[in-house]
Amino acid sequence: MALVDLDTRQYATEAASPYLNGIGARRQGGMSLRQTIRPLRSRNFFLAWFGETVSDLGSRCYDITLIWLVTSLTGSTVLLGSVLTAAYIPTILLLVVGGVWADRVNPRSIVAWSEFLRAVVTFVFAVLIILDMITVSAVFGFALLYGLVRAFVNPALSALFPSLIPSTQYNTANSLRQFGTETATLLGPPLGGLIIASYSIAAALLFTGITFVVSMGAMILIRRRDVNINTDEAES
């Protein structure tokens, strides 16, 4: 009888194991999801992540608006390529400078001031278009200024985020940042095109400037403190 009972229990365990493993896998998957969004429970991280995502949305909208503007002004693909080059050359050349600044100055302040300056550039850009005072030379100038300021944003954000969460959450935080960036990249251009088609190029630039103002506000609201020492503080 003992052997029969032992065989019966073994058979029951083997029969139930797929279901038990399935339950365990579902629980593990649930834990994985909770761990993925865990950094968002930190007020500071959420503000920085939200600000960066909104700013990226505005940046993608700006890119498509700049292309539309140059095309409508000149119809020249050569000038379009030249303007886009002018917009990105300062960013590429000054990335190292931006990284050095981010190490020496409060990165939150760098991002906030950079967003403020980008908002000013896009608002003035929009006003000149509304007043019909925009020229190709002015477009080049605004593209250079925008690229110059943009060079300081990403290095400062890269220095800011690690100070907002414990080191154990770095990987999940990077995943969330990547998700925000990819979402903005996906939605920004069609949103910019929709605004231009429905309203005007100036309206798209005004929207872009608003996103930078929102991002600046999010950075200002961040309370700076070292959260890497205490995980509980990071989640408060």
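Preceding this section is the structure that the text describes.
Computed from a prediction, not measured in an experiment: that's the story for all the values here. (Residues numbered from 1 in each chain as written. Predicted model: local features only at pLDDT ≥ 70, side-chain atom pairs only at ≥ 80, totals over all residues. Heavy atoms only, no water.)

K.L.:
Any details on the side chain of Thr 122? Residues and values, ideally.
P.N.:
Within the element layout of this structure, Thr 122 appears in helix H5 (residues 107-130). Assessed through its relative accessible area of 0%, Thr 122 is described here as buried. With near-sequence residues (within four places) excluded, Thr 122 lies in contact with Tyr 62, Tyr 146, Leu 205, Thr 208, Gly 209 and Phe 212. (Helix = DSSP H or I, 4+ residues; strand = E, 2+ residues; numbered from the N terminus. Buried < 20%, exposed > 50% of the residue type's maximum accessible area, 1.4 Å probe, protein only. Contact = heavy atoms within 4.5 Å.)

K.L.:
Could you give me a rundown of the packing of aromatic side chains, with the residues and numbers involved?
P.N.:
Tallied over the entire structure, the rule returns 7 aromatic pairs. Residues Phe 46 and Phe 50 carry aromatic rings whose centres are separated by 6.1 Å and whose planes lie at 15° to one another, so their mutual orientation is stacked. Within this pair, Phe 46 and its partner Phe 50 are both found in helix H2 (residues 43-74), separated by 4 residues, close to a single helical turn. According to the relative accessible area criterion, Phe 46 is partly exposed, its value standing at 37%. Here the aromatic rings of Tyr 146 and Phe 212 are separated by 6.1 Å at their centres, their planes lie at 40°, and the arrangement is tilted. Of the two residues, Tyr 146 is situated in helix H6 (residues 136-150) and Phe 212 in helix H9 (residues 201-221); the sequence distance between them amounts to 66 residues. Its relative accessible area of 0% is what places Phe 212 among the buried residues. Joined through ring pairs, the aromatic side chains of Phe 46, Trp 49 and Phe 50 make up one cluster. When the ring centre of Tyr 88 is taken as origin, the NZ or CZ atom of Arg 150, which lies over that ring, is 4.3 Å away. (Phe/Tyr/Trp six-rings, centres within 6.5 Å; stacked < 30°, edge-to-face > 60°. Lys NZ or Arg CZ within 6 Å of the ring centre and 35° of its normal.)

K.L.:
If you had to explain the pattern of salt bridges to someone new, which residues and values would you point to?
P.N.:
Enumeration over the complete set of coordinates arrives at 3 salt bridges. Of the charged contacts in the structure, one is a salt bridge between Arg 177 and Glu 52, with a shortest N-O distance of 2.7 Å. One end of the pair, Arg 177, is in helix H8 (residues 170-198); the other, Glu 52, is in helix H2, with 125 residues separating them in the sequence. When sorted by exposure, Arg 177 lands in the same class as Glu 52, which is buried. The partner of Arg 118 in a salt bridge is Glu 115, with the nearest N and O atoms 2.8 Å apart. (Salt bridge = Lys/Arg side-chain N within 4 Å of Asp/Glu carboxyl O.)

K.L.:
Quick one: what's the story with the nonpolar core, residue by residue and with numbers?
P.N.:
Core analysis: the biggest nonpolar cluster contains 26 residues, and Leu 66, Phe 125, Ile 129, Ile 134, Val 139 and Leu 205 have the highest contact counts within it. Here this core takes 6 residues from H5, the largest share from any one element. What Leu 66 contacts, discounting residues up to four positions off in sequence, is Val 83, Leu 84, Ala 87, Phe 125 and Val 139. Ala 48, Ala 151, Met 216 and Met 219 belong to the second largest nonpolar core, which has 22 residues in total. (Core = buried A, V, L, I, M, F, W, Y, C linked by side-chain atoms within 4.5 Å.)

K.L.:
Got a sec to walk through the packing of H2 against H5? Specific residues and values, please.
P.N.:
One can describe the packing of H2 onto H5 by two numbers: an axis separation of 13 Å at closest approach and a directional angle of 30°. Viewed along their axes, H2 and H5 adopt a mutual orientation that is roughly parallel. In terms of crossing hand, the pair formed by H2 and H5 is left-handed. For the pair H2 and H5, the contacting residues are Ser 55, Ser 59, Tyr 62, Leu 66 and Leu 69 in the first and Glu 115, Arg 118, Thr 122, Phe 125 and Ile 129 in the second. Classifying every residue of the contact of H2 with H5 by side-chain character gives 5 nonpolar, 3 polar and 2 charged. (Axes fitted to C-alpha atoms, helices over the stretch in contact; angles between N-to-C directions. Parallel < 35°, antiparallel > 145°, perpendicular 65-115°, else oblique. Left-handed = near helix turned anticlockwise from the far one by under 90°. Nonpolar A, V, L, I, M, F, W, Y, C, P; charged D, E, K, R; others polar.)

K.L.:
Can you lay out a nonpolar patch on the surface for me, pointing to particular residues and giving the numbers?
P.N.:
Nonpolar side chains collect at one region of the surface, where Val 96, Val 97, Val 100, Trp 101 and Val 105 lie side by side and expose about 440 Å² of accessible area between them. Relative to the helices and strands, Val 96 is located in helix H4 (residues 95-104). (Patch = residues over 30% accessible without salt bridge, like charges linked within 9 Å, V, L, I, M, F, W, Y side chains within 5 Å. Areas by Shrake-Rupley, 256 points an atom, 1.4 Å probe, with all protein chains shown as cover.)

K.L.:
Lay out H2 with the relevant residues and their values.
P.N.:
The end-to-end C-alpha distance of H2 is 46 Å, a good match for the 46 Å that 32 residues give at a rise of 1.5 Å each. Gly 75 lies just past H2 and shows a positive phi near 70°. (Expected span 1.5 Å × (residues − 1).)

K.L.:
Give a description of the environment of Val 214 that names residues and reports values.
P.N.:
With respect to the helices, strands and loops of the structure, Val 214 is situated in helix H9. Residues Val 214 and Val 54, spaced 160 residues apart in sequence, show a C-alpha to C-alpha distance of 7.4 Å. Apart from the residues within four sequence positions on either side, Val 214 is in contact with Phe 50 and Val 54.

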